[in-house]
Amino acid sequence: MSCINSDGKLTQSATALLEAVQNDKHTPESLAKELGVPLFKVRSSLRDMSSMGFVEQIEDAYVVSEGGKKLLNKNK
Amino acid sequence: MENNIEIQENVVSLPRIGDKAPSFEAETTHGTLKLEDFRGSWVVLFSHPADFTPVCTTEFIAFQEIQDDLRELNTELLGLSVDSVHSHIAWVRNVKEKLGVELKFPIIADLNKDVAKKYGMIMPNESTTETSRAVFVIDDKQTVRSVIYYPLSTGRNMDEILRLIKALQTSDQHSVATPANWLPGEKVIVPPPKTQEEAEEQINDDSIECKDWYFCKKQL
């Protein structure tokens with residue numbers, strides 16, 4: 001659960017990742033480039049967020065889910 | 001002694017050069033990571049005996065110092081010891097506070113020794129509770145390309161780890177080998193010819209410097 005803080009809010013890195021897939025789907029490779037984060041960390045975070053239902057996988061790409069959008073709005 | 005024998009029976013042979021790197025999913029200081037998360041990058045998977053120990057602290061600082069150089073070689077660092085993730089976090093914070101170095105690479109918390117056993121990192125006759133100073137160089141296709149082992153008492157040499165990865169990548173890229181003490185920019189070894197015709201061609205090739213038909217070097 002590395003993408004959620006102890007107070008139930010998204011971590012900074014998880015927020016950045018969710019915001020990046022908010023409007024369009026992205027592959028882990030493109031996200032790593034865009035966010036300047038190592039690819040292994042992007043893959044790991046996406047797996048975590050996918051298991052928690054915050055992102056959806058469409059073929060090789062990811063996009064924010066309805067649940068993820070709600071969480072992002074709650075964090076603002 | 002009984003305990004020692006029991007552990008020796010459980011140790012799986014370490015992966016050898018050319019083997020597929022054993023897959024794992026592990027808790028780390030950067031969350032849960034799988035080996036497959038690193039596909040496409042080279043990985044230096046290394047173990048250390050224990051957190052909050054002096055030799056390991058010098059090694060971790062030295063690994064951190066070469067992280068940028070490794071990244072330029074498309075290579076990520078991944079540490080491991082038989083400690084909890086909370087111990088790792090406390091140690092990382094301590095190194096930053098006391099020594100001013102931020103350790104930015106993930107460290108596997110291998111409390112149940114799952115990864116250590118898969119990679120043969122425990123030397124039972126040296127210690128049954130700590131991992132030795134092992135280094136596995138894993139390439140971007142997740143194949144083991146090199147294995148280095150150091151005992152508990154001896155810290156590793158970062159220049160050699162960098163040199164090794166540069167040599168492996170040079171060999172891959174140019175289909176050559178590298179001589180003893182080779183450094184980037186120096187002449188490389190041309191693979192020995194497999195036929196008489198190749199031997200003749202190689203020794204008459206002006207771009208190649210040959211001592212004899214089997215021993216030729218060239219500048220890349």
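Just so you know, these numbers come straight off a predicted model, no measurement behind them.

A few words now on the interface of chain B and chain A. Across the boundary between the two partners, chain B contributes twelve residues, which contact eight residues of chain A. Roughly 890 Å² is buried in total at the junction of chain B and chain A, and carbon and sulfur atoms are behind 50% of that figure. If you sort the residues of chain B by the area they bury against chain A, His30(B), Asp37(B) and Arg39(B) come out on top, with a joint share of 46%. Where chain B meets chain A, there are one salt bridge. Ionic pairing is found between Asp37(B) and Arg47(A), a salt bridge with its closest N-O pair at 2.7 Å. Counting across the interface, chain B meets chain A through six residue pairs in polar contact (both at pLDDT 80 or more). Tallied by class, the residues present in the side of chain B that touches chain A amount to three nonpolar, three polar and six charged.

Residue and element names in this part refer to chain B. Reading across from one edge, S8-S10-S9 is the order of the three strands in this open sheet, with antiparallel pairing throughout. Of all the strands in the sheet, the pair left with one neighbour each is strand S8 (188-190) and strand S9 (209-212). Here the strands of the sheet are splayed against their neighbours by 30 degrees on average, with no regard to which way each runs.

Here the focus is the UniProt feature "binding site: substrate" (unreviewed entry) in chain B. Residues and elements named next belong to chain B. As recorded in UniProt, the sites labelled "binding site: substrate" (unreviewed entry) are Arg133. Mapped onto the fold, Arg133 is located in strand S6 (residues 133-138). Arg133 sits in the buried class, given a relative accessible area of 2%. Within the structure, Arg133 has its side chain in polar contact with the backbone oxygen of Leu152 (distance 2.6 Å).

Moving on, we get to empty space enclosed by the protein. By the definition in use, this model includes one cavity of 30 Å³ or more. Estimated volume of the largest cavity: approximately 40 Å³. Considering the residues around the largest cavity, the lining is formed by Pro38(A), Leu39(A), Phe40(A), Arg43(A), Asp37(B), Phe38(B), Arg39(B), Ser41(B) and Glu76(B). With three residues, the single largest contributor to the lining of the largest cavity is helix H3 (residues 39-51) of chain A. For the lining of the largest cavity, the per-class residue count stands at four nonpolar, one polar and four charged.

Calculation notes
- Residues numbered from 1 in each chain as written.
- Chains lettered and ligands numbered in written order.
- Predicted model: local features only at pLDDT ≥ 70, side-chain atom pairs only at ≥ 80, totals over all residues.
- Heavy atoms only, no water.
- Contact = heavy atoms within 4.5 Å.
- Buried area = accessible area lost by both parts, 1.4 Å probe.
- Salt bridge = Lys/Arg side-chain N within 4 Å of Asp/Glu carboxyl O.
- Polar contact = N/O pair within 3.5 Å; in protein donor to acceptor, adjacent residues only side chain to side chain.
- Nonpolar A, V, L, I, M, F, W, Y, C, P; charged D, E, K, R; others polar.
- Pairing = 2+ DSSP bridges.
- Helix = DSSP H or I, 4+ residues; strand = E, 2+ residues; numbered from the N terminus.
- Axes fitted to C-alpha atoms, helices over the stretch in contact; angles between N-to-C directions.
- UniProt positions renumbered as here; feature names shortened; annotations may be inferred.
- Buried < 20%, exposed > 50% of the residue type's maximum accessible area, 1.4 Å probe, protein only.
- 1 Å grid on protein atoms, 1.4 Å probe; cavity = no way out; pocket = protein on both sides within 12 Å on 5 of 7 lines; lining within 4 Å.
- Points joined across faces, edges and corners; volume = space filled by probe spheres on them.

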